[in-house]
Amino acid sequence: MEDKKSTENRKQVRVWCDGCFDITHWGHWNAMRQAKALGDWLVVGVHSDADILVNKGPTVMNEQERYGIIRSCKWVDEVVEAAPFSVELSVMDEHNIDFCVHGEDITTNADGVDAYEAVKKSGRYRT
């Protein structure tokens, strides 16, 4: 068990998780629970309606509804609105993110490119 002094001096581990979160369900909540367990602070990026329309199709819930729902999740510490559909290292750096997590499902953007390609290449990706 860590003593209080070593805990105070330890760098906070910041984790990024992102998604559309349209018609949010148990699998989304469980993914955020698991992501939070990998660090100290969970930042969740929620994609805009426009970005989702280009990459997946129309949403059922609008972005304001989706932002609010994700903010209500007890494991979420911070929400980034209109997060890019393909994860950008610059956005992760802007929010001091140590690594990004995502499930085992394949996520591609409208061009057929892995939305997590840059993060995977950088070594800052966990499943």
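Keep in mind that what you see is a predicted model, and the values were worked out from it rather than measured. (Residues numbered from 1 in each chain as written. Predicted model: local features only at pLDDT ≥ 70, side-chain atom pairs only at ≥ 80, totals over all residues. Heavy atoms only, no water.)

Where charged atoms from two side chains of opposite charge come close, those side chains can pair. According to the stated counting rule, one finds nine salt bridges in the structure shown. The closest approach of N and O atoms between D77 and K36, which form a salt bridge, is 2.4 Å. With D77 in the loop between α4 (63–71) and β3 (78–81) and K36 in helix α2 (residues 26–37), this residue pair connects regions lying 41 residues apart in the sequence. For R124, the salt bridge identified is with D93, shortest N-O distance 2.8 Å. Placement of the pair is R124 in the loop between α6 (117–122) and β5 (125–126) and D93 in helix α5 (residues 89–94), with a sequence separation of 31 residues. For R124, a relative accessible area of 18% puts it in the buried group. Under the relative-accessibility criterion, D93 is labelled partly exposed at 45%. (Salt bridge = Lys/Arg side-chain N within 4 Å of Asp/Glu carboxyl O. Helix = DSSP H or I, 4+ residues; strand = E, 2+ residues; numbered from the N terminus. Buried < 20%, exposed > 50% of the residue type's maximum accessible area, 1.4 Å probe, protein only.)

Looking along a regular strand, one sees side chains alternate from face to face of the sheet. With five of six residues buried, strand β2 (residues 41–46) lies mostly within the body of the structure. With six bridges connecting them, strand β1 (residues 14–19) and β2 associate as parallel partners. In the strand pairing of β2, D18 is matched with G45. Relative to β3, β2 runs parallel, the two sharing four bridges. (Pairing = 2+ DSSP bridges.)

Without other data, these values stay purely geometric and don't point to any function.
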